[in-house]
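Structure at a glance
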Amino acid sequence: MAPIDVEQLARGVLSGRRRELAKAITLVESTRTDHQDLAQHLLERLLPHTGKALRVGVSGVPGVGKSTFIETLGLYLVGRQQRVAVLAVDPSSAVSGGSILGDKTRMPRLAATPEAFIRPSPAAGALGGVARHTREAMLLCEAAGHSVVLVETVGVGQSEHAVASMVDTFVLLGLAGAGDELQGIKRGILELVDIIAINKADGDNIPRAERAAAEYRSALRLLRGADAPWAPRVLTVSALRETGIDALWAAVEEHRCWLEIDGRLEDNRRRQGRSWLWSLVREGLEAALVGCAPVAEAVPDVERDVVSGRITPTEGARRLLRLFLQRD
Ligand SMILES: Nc1nc2c(ncn2[C@@H]2O[C@H](COP(=O)(O)OP(=O)(O)O)[C@@H](O)[C@H]2O)c(=O)[nH]1
Ligand SMILES: [Mg+2]
């Protein structure tokens, strides 16, 4: 990367130029310490211009139709004078060799739209790092004037929690055959969702999709109780035939209105900020611990003593922490 002028980059982002936005995201994703310092300067400079977008998470198992849905929804929103950004959290992409999320080639029409900006998942590393990069990319997209940010993730494992902790509205895509599928979906995920859209409600599949929607509705009522403050909306869509998208978006807007009552939106975002702060502190502490030479030297002995039952895990942890906290 050529020498970076943060002020110039900030102005480029604010003027909504995609090249500058892409460059800013690359800076945020860089692992170089000097880049990280510049990235934080850039973010601080841009923070007053962030926070205005509708932040929407989209999740679902592979094959449910996320890419198709995001392209259809994105084009629908562009048609309503929105500027859409698509980001992704895919911690597996480093393993599976290349991100499949937020992949432009799977959203060719949206990728060709000037009002839309698509960025694949940051490629490297652990969930925490990937999610942090996506979260900061979201702020950059907001500063660049994107009014809707869609954050995609695969419906397996922890990544939904990471996405739920950066968005305002969480949409789960489901399929007909909910009875079987509900077994596979962790209850934890149902606790995160604000809206469920049963996809592929087209052709012969419509009655099955409607039945699935009803099953999800009753599962959610059981899970959350009838008097939950927000009763998640469950509807059917066809991302392929582009039906049900207006009702889906109306549900997102309804949820947004609900969030704006009594400062819920701001409360949520404050809570999210606090929880990011502490998860980053925890990550930093763990990295410092692992990188601390006296600790690293003692680890093999302490582990051996714990494993062989000579000392308790509690005592082992105390020894390592003592070494860590006593260093200069
Ligand atoms: N019939 C039908 N097929 C769909 C629909 N949405 C997606 N598909 C198909 O389902 C497959 C997986 O879609 P994709 O968007 O790649 O799913 P992803 O893995 O969740 O991103 C593709 O063959 C799509 O054409 C839909 O609404 N109806
Ligand atoms: Mg996909």
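One structure accompanies this document, and this report is about it. Just so you know, these numbers come straight off a predicted model, no measurement behind them. (Residues numbered from 1 in each chain as written. Chains lettered and ligands numbered in written order. Predicted model: local features only at pLDDT ≥ 70, side-chain atom pairs only at ≥ 80, totals over all residues. Heavy atoms only, no water.)

Around ligand 1 lies a shell of 14 residues, among which Gly63, Lys66, Thr68, Asp202 and Ala239 are the nearest. With respect to ligand 1, the backbone of Gly65 contributes an N or O atom lying 3.0 Å from an oxygen atom. Take Leu240: an N or O atom from its main chain is 3.0 Å from an oxygen atom of ligand 1. Considering ligand 1 on its own, with 580 Å² of exposed area, one finds that the protein chains cover 70% of that surface. Its residues assigned to classes, the shell around ligand 1 comprises five nonpolar, six polar and three charged. (Near = heavy atom within 4 Å. Polar contact = N/O pair within 3.5 Å; in protein donor to acceptor, adjacent residues only side chain to side chain. Areas by Shrake-Rupley, 256 points an atom, 1.4 Å probe, with all protein chains shown as cover. Nonpolar A, V, L, I, M, F, W, Y, C, P; charged D, E, K, R; others polar.)

All right, on to unusual backbone geometry then. Residues other than glycine predominantly adopt negative phi, and peptide bonds predominantly adopt the trans conformation. Its identity as a non-glycine residue notwithstanding, Glu242 has a phi of 60 degrees, on the positive side. Relative to the helices and strands, Glu242 is located in the loop between strand E7 (233-236) and helix H12 (245-260). Take Glu242: its relative accessible area is 44%, and that puts it in the partly exposed class. Its identity is not glycine, yet Asp262 carries a phi of approximately 55 degrees, on the positive side. One can find Asp262 in the loop between H12 and helix H13 (264-291). (Helix = DSSP H or I, 4+ residues; strand = E, 2+ residues; numbered from the N terminus. Buried < 20%, exposed > 50% of the residue type's maximum accessible area, 1.4 Å probe, protein only.)

As a further point, take the sheet that holds strand E5 (residues 169-174). Strands sit in the order E3-E2-E4-E1-E5-E6-E7 across an open sheet of seven strands; the sheet is parallel. A strand with exactly one partner marks an edge of an open sheet, and here the two such strands are strand E3 (116-118) and E7. With strand direction ignored, the average angle separating the axes of adjacent strands in the sheet is 20 degrees. Sheet analysis places E5 next to strand E6 (residues 195-198), joined by four bridges and oriented parallel. Bridge pairing in E6 links Leu173 to Ala197. On top of the sheet, helix H11 (residues 206-224) reaches E5, E6 and E7; it is set at about 170 degrees to E7, its chief contact. (Pairing = 2+ DSSP bridges. Axes fitted to C-alpha atoms, helices over the stretch in contact; angles between N-to-C directions. Contact = heavy atoms within 4.5 Å.)

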